[in-house]
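# Commentary on secondary and tertiary structure
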Amino acid sequence: ENMLSAKAPGKLILSGEHSVVYGAPAIAVAVNHYVTATFSPSDTDTLIITSSVLGQSRRTLVQLEHLVAHLDQRFERFLLGELAVQDVLQTPHDLLYYTALQSDSLPSGTVTIHSDIPTGAGMGSSAAVIAALLQLFQSSSCAQQRDDKKPEFFQKVKYCERLQHGRGSAIDAAAVTYGGVLKVQADKVTPLPLELGDGWYHFHTGTPCCSTGETVAAVRAKFSHRTDLWQQFAKITQAFEANIKQPSRLGSAMRANHQLLQEIGVVPAPVSALIAQIESMGGAAKICGAGAHQGETAGQVLVYFPEQNSETLSAQLGVCLTPLQQQLNGAH
Ligand code: PMV
């Protein structure tokens, strides 16, 4: 009773991670793992945000008045206020704070955040936290977002993500706003008619040792001037899009994409060995998301292998394959 909740999905990148940062297109799919934010109102003037998503459980006490005073201010003024605001955040968390900053108004009560999206694994959990909180805090609360409001919602999620991660593409923001399979190039988002059926899986290799921001920065330092490489990525993503109605042809685009991701050094050796094993059996696989420029794990790996059943494959590879179910009907 009096409880509102909002949820937002995670995503996997089917083609074009990293190159999307340099203006190439990328294709992502929103998947059926979610962040859920539940609000239960109270008549105190505080907002308590409890989250089990971001590392250990956090309990953040926000003085409502204080935050509301910052809501409509420009970023410079927010920076001026930051110290004072951090004083009232027992465990300051920039993500929650930036999201609150973008919301229309803040209610009094308790927000509890839960997630079944693996964190730090290239599934866009931070964009999903932002999207779930924004929906909850918007004056329309958890009412269905109308289609004509989606561009505005997309911009808000993107803005919060930029504040949190620095420069990055709009791909996570697009996935949580629109759902389904999407092509994203700069700010342009186009839905694609792919229905991921049998043969699509993902598995988790463990949390990468470095954050998305660190890996993107490492790639930028070495390869930002290599327009030839980014053009090759773009061609592969275009080939993926062109074959989207004949999924049996998508394996070769995935293999080519994996090659390029190896070239830019974001596929750790043990993950690369697993992918080579899948290829030698006749399937295709690639990492999803930033990957890692050091360490042994890379987060999520996408597998396309229609001729094999997932149990046989899991046993042969020694990993746990999850069938990929896309979140079909728009994200909210
Ligand atoms: O690892 P993720 O899900 O944060 O994806 C990062 C995707 C990159 O292309 C590497 C970066 C970006 O901002 O698009």
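Quick summary incoming for the structure in this document. (Residues numbered from 1 in each chain as written. Predicted model: local features only at pLDDT ≥ 70, side-chain atom pairs only at ≥ 80, totals over all residues. Heavy atoms only, no water.)

### Brief notes about the site of the ligand
Our working rule: When we say a residue is near a molecule or strand, we mean one of its heavy atoms is within 4 Å of it. Two N or O atoms count as a polar contact when they lie within 3.5 Å, although within protein this holds only if one can serve as hydrogen donor and the other as acceptor, and sequence-adjacent residues are included solely when both atoms are side-chain atoms. Where accessible areas are quoted, they stem from the Shrake-Rupley method and a 1.4 Å probe; at the residue level, only the protein chains shown are allowed to cover. Only runs of H or I of at least four residues qualify as helices and only runs of E of at least two qualify as strands under DSSP, and these elements are numbered from the N terminus. Each residue receives one of three labels: charged for Asp, Glu, Lys and Arg, nonpolar for Ala, Val, Leu, Ile, Met, Phe, Trp, Tyr, Cys and Pro, and polar for the others, Gly being one of them. The domain limits used here are those given by an automatic or database domain assignment.
Taken together, 15 residues are adjacent to the ligand, and Lys 11, His 18, Ser 169, Thr 212 and Ala 290 come closest. A distance of 2.7 Å is found between an oxygen atom of the ligand and a side-chain nitrogen or oxygen belonging to Lys 11. At a separation of 2.8 Å, an oxygen atom of the ligand approaches a polar backbone atom of His 18. Starting from 380 Å² of accessible surface for the ligand in isolation, the protein chains cover 91%. Elements with a minimum of two residues in the shell around the ligand: strand S1 (4–15) and helix H7 (212–223). Residue classes in the shell around the ligand are distributed as six nonpolar, seven polar and two charged. Counting contributing residues, the shell around the ligand receives three or more from each of domain 1 (4–191) and domain 2 (200–327).

### What to know about helix H10 (residues 269–281)
Stated formally: By this rule, a helix spans an expected 1.5 Å times one less than how many residues it contains. For the exposure calls, accessible area comes from a 1.4 Å probe over protein chains only, and a residue counts as buried if that area is under 20% of its type's maximum, exposed if over 50%, partly exposed in between. As used here, the arc belongs to the directions running from the helix axis to the C-beta atoms.
An ideal rise of 1.5 Å per residue puts 18 Å on 13 residues; H10 measures up with 19 Å between its terminal C-alpha atoms. Residues Val 271, Ser 272, Leu 274, Ile 275 and Ile 278 constitute the buried set of H10. One side of H10 holds all its buried residues, which, seen down the axis, span an arc of 160°. The exposed set on the far side of H10, more than 90 degrees from its buried face, consists of Ala 269 and Ser 280.

### A word on helix H6 (residues 171–178)
Among the eight residues in H6, seven count as buried, and that is most of the element. At the exit of H6 stands Gly 179, carrying a positive phi of roughly 65°.

### As for the nonpolar core
We apply this condition: Joining through side-chain atoms within 4.5 Å is the link that ties buried Ala, Val, Leu, Ile, Met, Phe, Trp, Tyr and Cys residues into a set, and such a set is a nonpolar core.
Counting 81 residues, the largest nonpolar core has Val 157, Trp 200, Phe 240, Ile 264, Ile 287 and Val 303 as its most contacted members. Residue contributions to this core peak at 10 residues, all from helix H4 (residues 125–137). Composition of this core by domain shows at least three residues from each of domain 1 (4–191) and domain 2 (200–327).

### A short note on the pattern of salt bridges
Applicable threshold: One side-chain nitrogen of Lys or Arg within 4 Å of one carboxyl oxygen of Asp or Glu is enough to make a salt bridge.
Scanning the entire structure with this criterion turns up five salt bridges. The salt bridge partner of Lys 11 is Asp 172, with a shortest N-O separation of 2.7 Å. One end of the pair, Lys 11, is in strand S1; the other, Asp 172, is in helix H6, with 161 residues separating them in the sequence. Classification of Asp 172 as buried rests on a relative accessible area of 14%.

### Some remarks on unusual backbone geometry
In the Ramachandran plot, His 18 falls in the positive-phi region, its phi being about 70° despite a non-glycine side chain. A residue is classified by how much of its surface remains accessible, and His 18, at 5% relative accessible area, is buried. A positive phi is found at Ala 186, a non-glycine position, where the angle reads about 50°. Here Ala 186 shows up in the loop between strand S6 (181–185) and strand S7 (188–191). Judged by its relative accessible area of 53%, Ala 186 is exposed.

### Brief notes about the pairing of S6
Counted only if it meets this: Between any two strands, at least two bridges found by DSSP are needed for them to pair.
Counting buried residues along S6, four of its five residues qualify, which places the element largely inside the surrounding structure. Two elements, strand S2 (residues 26–41) and S6, share four bridges in a ladder whose sense is antiparallel. Bridging across to S6, Ala 26 finds its partner in Val 184. Here S6 pairs with S7 via four bridges, running antiparallel. By the bridge assignment for S7, Leu 182 is matched with Pro 191. The turn linking S6 back onto S7 is made up of two residues, and Ala 186 within it adopts a positive phi angle of 50°.

Don't take any of this as a statement about function, it's just geometry.
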